[in-house]
Structures are given as structure tokens and as C-alpha cells.
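Per-entry structural report
Residue strings, one per chain:
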Amino acid sequence: MAPGREQPRVAVVTGGASGIGEAVCRHLAAAGRKVAVLDLDGAGAMRVADELGADGHETLGLEVDVTDRPGIDEAFGEVRARLGPTQILVTSAGMVAFDDFAGITPERWQRVVDVNLTGTFHACQAALVDMVAARWGRIVTISSSSAQRGSPRNAHYAAAKGGVIVLTKSLARAYAPHGITANSIPPSGIETPMQHRSQGRGDLPGNEVIASNIPLGRLGTPDDVAVAATFLASEGAGFITGQVLGVNGGSVL
Ligand SMILES: NC(=O)c1ccc[n+]([C@@H]2O[C@H](COP(=O)([O-])OP(=O)(O)OC[C@H]3O[C@@H](n4cnc5c(N)ncnc54)[C@H](O)[C@@H]3O)[C@@H](O)[C@H]2O)c1
């Protein structure tokens, strides 16, 4: 099938109410996919779904916490009933955290791992039920360049995102015989509400300083990541699996 013309398969995007996830929802819808927007921010999920619906796309917005397994299973059931079986999953739900290593409490560690890694596990396991039945699927996880480089004030976050990368590679191997691909995008330096909040707390420097450390000389946009996710989720990307595709302006080579 030619690039840009995709079958109307059902795509679930976790964290679809903001930033990278929202851009992924818009790009997948524009490519012809039916998009279910899942987010802890229910009003935000409805807003994105309503805006896409107003443009003629078939969509659904649902409030769900990715750490809540019964809630995740219920949400995928609702997607199945209202849009059809899930055949594409993009996991963008995540929380960043900045702490000196010695100050990470066990509770803080657990929360960061729960949201970023275990939440990804829950969504993948729920989505794979439909993908295995269809003998077709695309999983794209959003990890982080911090997992590729290590990160002094993000040991919990970087470890969780490293887990996301190797979870993705493991799924690629386990589900290749079922016609399902799994790839991860570790972004860096993408201007989103998450990044603005980190800058507001003083955990990240201003845009000029961030841009000066990026070889391409600018921050990335959510669209930059969505282009890569939509490609990895495309019909034509069926021979690409277990890969890590950095979207980082050349920060990690
Ligand atoms: N912005 C960057 O430069 C950057 C860099 C590396 C990795 N990432 C990753 O990209 C992903 C998207 O980040 P973003 O920058 O777009 O942030 P964002 O805060 O704009 O969007 C994240 C979304 O995830 C949702 N979310 C958070 N916890 C959730 C939960 N428990 N259940 C369901 N939804 C939840 C939020 O409500 C929000 O809508 C995250 O996984 C983040 O870790 C971003």
C-alpha cells in the first residue's frame, strides 16, 4: 500500500490528551486510522477525540489510569465494542521525575516504574489479545533518550524507560510469528507541556540552552515524534521490528 494511504484500523494511544500522544492521535487519524484516545486526563482525552470527530474522523476518548489494570481492560473492551478490535497501540502515557539518587524514596521509585513501565506492560498485554486474533499488529512504545544515555537526576525514570525498550524488544521476538511488530521511540528535547512543567520547576534549563546541546540546533516538536510513530505503525513498516528509533535532533547517535 502506498505511503499515506492506510487501512481504517483501530489505534489506541495512551497519554493521547497532551504533547506527543496528542500529535500521534492527529497523525494516525489523518492517515486514516480510527483513534481511541486514552488518558488519565479524561477531559483532555474527550477534547482531542471531539476535535478529531469534528474533522470527520471516527474516534473515542476515554479516561483511564494506565496503572489500573481492571480499568485498562475495561477501556480496551469499550474500544472493541465502539470502534472495533485494537490493531495499533502507541504508549505515550508517562511521567518524568527529577530527584537526586539518594533522595529517591521507595514509594517514589515505585510510582515512576508503575506509570512508565508497568503501565506500558498493561496496555501491551490488553492490546495483544486483539492483535493475536487478527494476526496483525503494530506496537510503538515511547521510551526516552535518558534510557540510552543514563541520566544523573532521573535514575528511576531512565531505568523505567530502559525497561520499556527491552520490553518492546521482547515483544518483538515473542509476537513476530503472529504478524505483530513492536518498536520503541526514545525522544529527547521535545517541546511539550511535560517539558514546560520541568522547566517551570527549574529541573530543565530554558529552550535556548537545550537547543544549543542539540546538533540540529532546535527543540523537537510533538509532530516530529508523531511522524516516526505513524511510520512505524504503517502497513508498509511490517519488516521493521525490535528497533529503537531515536527522535532527538542528533543528540544520541
Ligand atoms: N517531551 C520530551 O522531550 C520527552 C522526552 C523523552 C520521553 N518523553 C516521553 O514521551 C511521552 C509523552 O510525553 P510528553 O512530553 O508528551 O508529556 P505530556 O505530559 O504532555 O503528556 C503525557 C500524557 O500522559 C498522561 N498520563 C500521565 N500519567 C498517566 C497515567 N497514569 N495514565 C494515563 N495517562 C497518563 C498525561 O495526562 C498526559 O496527557 C512520555 O512517556 C514521556 O516520558 C518525552
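Anything mentioned here points back to the structure above.
It should be emphasised that the depicted structure is a prediction, and the values quoted were computed from it without experimental measurement.

Quick notes on the rules
Residues numbered from 1 in each chain as written. Predicted model: local features only at pLDDT ≥ 70, side-chain atom pairs only at ≥ 80, totals over all residues. Heavy atoms only, no water. Core = buried A, V, L, I, M, F, W, Y, C linked by side-chain atoms within 4.5 Å. Buried < 20%, exposed > 50% of the residue type's maximum accessible area, 1.4 Å probe, protein only. Helix = DSSP H or I, 4+ residues; strand = E, 2+ residues; numbered from the N terminus. Contact = heavy atoms within 4.5 Å. Pairing = 2+ DSSP bridges. Axes fitted to C-alpha atoms, helices over the stretch in contact; angles between N-to-C directions. Salt bridge = Lys/Arg side-chain N within 4 Å of Asp/Glu carboxyl O. Right-handed = clockwise from strand over helix to strand, strands pointing away.

With respect to the nonpolar core
Counting 28 residues, the largest nonpolar core has Val24, Leu28, Val90 and Ile185 as the members making the most contacts within it. Those elements giving two or more residues to this core turn out to be β1 (10-14), α1 (19-30), β2 (34-39), α2 (42-54), β4 (86-91), β5 (137-142) and α9 (222-232). The greatest single-element share of this core, amounting to 6 residues, is contributed by α1. Once residues lying within four places of it in the same chain are set aside, the contact partners of leucine 28 are Ala11, Val13, Arg33, Val35, Val90, Thr230 and Ala233.

Overview of the sheet that holds β1
Spatially, the 6 strands line up as an open sheet ordered β3-β2-β1-β4-β5-β6, and their pairing is parallel. Each end of this open sheet is capped by a strand with a single partner; those strands are β3 (59-63) and β6 (180-185). Within the sheet, the average angular offset between the axes of one strand and its neighbour, ignoring direction, is 15 degrees. Packing against the sheet, helix α4 (residues 106-134) makes contact with β1, β4, β5 and β6, and its axis sits at approximately 160 degrees to β4. Sitting on the sheet, α9 is in contact with β5 and β6, with an inclination near 165 degrees to β6.

Looking at the pattern of salt bridges
Here the structure, examined in full by the defined rule, presents 15 salt bridges. Here glutamate 6 makes a salt bridge to arginine 33, at a shortest N to O gap of 3.2 Å. Highlighted residues: glutamate 6 in the segment before β1 and arginine 33 in the loop between α1 and β2, separated in sequence by 27 residues. Here glutamate 6 falls in the buried class, since its relative accessible area comes to 16%. Between aspartate 203 and arginine 201 there is a salt bridge whose closest N-O contact spans 3.0 Å. Among the charged side chains, a network of salt bridges with common partners joins Glu6, Arg9, Arg33 and Glu235.

Points about the pairing of β3
Within β3, 4 of the 5 residues are buried, which leaves the element mostly enclosed by the surrounding structure. Sheet topology places β2 next to β3; 5 bridges connect them, and they run parallel. By the bridge assignment, valine 37 is partnered in β3 with glycine 61. Taken together, β2, α2 and β3 constitute a β-α-β crossover, and its handedness is right-handed.

So, the environment of alanine 23
With respect to the secondary-structure elements, alanine 23 resides in helix α1. In this structure the C-alpha to C-alpha distance between alanine 23 and aspartate 50, which are 27 residues apart in sequence, comes to 14 Å. Once residues within four sequence positions are removed from consideration, alanine 23 is found in contact with Pro222, Asp223 and Ala226.

Focus on the side chain of asparagine 183
The residue asparagine 183 is located in strand β6 in this model. Asparagine 183 gets classed as buried once you look at its relative accessible area, which sits at 1%. Not counting the four nearest positions on each side in its chain, asparagine 183 is found in contact with Ile139, Val140, Thr141, Thr168, Leu232, Ile240, Thr241, Gly242 and Gln243.

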